[in-house]
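# Structure at a glance
The chain contents come next:
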Amino acid sequence: MAVKKIVKYPAEILEQPCKPVTVFDNKLKKLLNDMYDTMIEFDGVGLAAPQIGVDLQIAVVDIGDESGTIELINPEILAATGEQTGVEGCLSFPGLYGEVSRAFYVKVKAQDRKGKSFKIEAEDYLARAIQHEIDHLHGVLFTSKVSKYIDEKELEEAGN
Ligand SMILES: [Zn+2]
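You'll find the protein chain entered in an unreviewed UniProt entry as Peptide deformylase, with Bacillus benzoevorans given as the organism. Taken directly from UniProt, the Catalytic activity (unreviewed entry) text for the protein chain runs: "N-terminal N-formyl-L-methionyl-[peptide] + H2O = N-terminal L-methionyl-[peptide] + formate".

Dropping the structure here:
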């Protein structure tokens, strides 16, 4: 178990495109395991590699449902349809929450930790989490998409 330090905004690595992963070795496995441990430790539903200071196209998502932990390496959105608006936060912006509109459904192509290609379809909250993390890999932060900031207190009162 290795919990990494979260890179907080502002940091250059959070706003630049990440490099594709080309080597699928034990180091990558360790990185994925560390990302998972870090996401769980800080109660996140997703984590992108730049958030622990690694500029590679890797994200992990786990919204705590039956989908389990999804590891996305070199992910690419193949299709995005519909629309949803909901509150998002980000481990790199502690205490900051805002409403973001995203596609309701996405189809994503990615590679797993062994380098094998797969496709995944997601909707609703899982689709939101996946889009948020893939944005990170392109240096795009949720704050650039927030339509309205939500007070943390308001959020607690709303029962989220
Ligand atoms: Zn984030």
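With that settled, consider the UniProt feature "binding site: Fe cation" (unreviewed entry) in the protein chain. In this numbering, the UniProt entry assigns the feature "binding site: Fe cation" (unreviewed entry) to C90, H132 and H136. Across 47 residues of sequence, these annotated residues stay compact in space, with a maximum C-alpha separation of 10.2 Å. Following the sequence through the fold, H132 ends up in helix α2 (residues 124-137). Other than its neighbours up to four places away in sequence, H132 contacts G46, E88 and F142. Looking at where H136 falls in the secondary structure, it is placed in helix α2. Those residues in contact with H136, other than ones at most four positions away along the chain, are A48, P50, Q51 and A59.

Take E83: it is sitting in the loop between β3 (70-81) and β4 (84-90). Spatially, the C-alpha atom of E83 lies 10.0 Å from that of R128, the residues being 45 residues apart in sequence. Leave out the neighbours within four places in its chain, and E83 touches S101, A103 and F104.

Take the sheet that holds strand β1 (residues 46-48) next. Picture the strands of a sheet paired through backbone hydrogen bonds; they go either parallel or antiparallel. With respect to topology, five strands assemble into an open sheet ordered β1-β2-β3-β6-β7, the strand pairing being antiparallel. Where the open sheet ends on each side, the last strands, each with one partner, are β1 and β7 (117-123). Put simply, the sheet's adjacent strands are angled 35° from each other on average, direction ignored. Taken together, the three bridges between β1 and strand β2 (residues 58-61) define a ladder with antiparallel strand orientation. Looking at the pairing, G46 lines up with V61 of β2. In the packing of helix α1 (residues 26-41) onto the sheet, the strands contacted are β1, β2 and β3, and the crossing angle to β2 comes to about 45°. Docked against the sheet, α2 engages β1, β2, β3, β6 (105-111) and β7, running at close to 160° with respect to β2.

About the thresholds
- Residues numbered from 1 in each chain as written.
- Predicted model: local features only at pLDDT ≥ 70, side-chain atom pairs only at ≥ 80, totals over all residues.
- UniProt positions renumbered as here; feature names shortened; annotations may be inferred.
- Helix = DSSP H or I, 4+ residues; strand = E, 2+ residues; numbered from the N terminus.
- Contact = placed C-beta atoms within 7 Å.
- Pairing = 2+ DSSP bridges.
- Axes fitted to C-alpha atoms, helices over the stretch in contact; angles between N-to-C directions.

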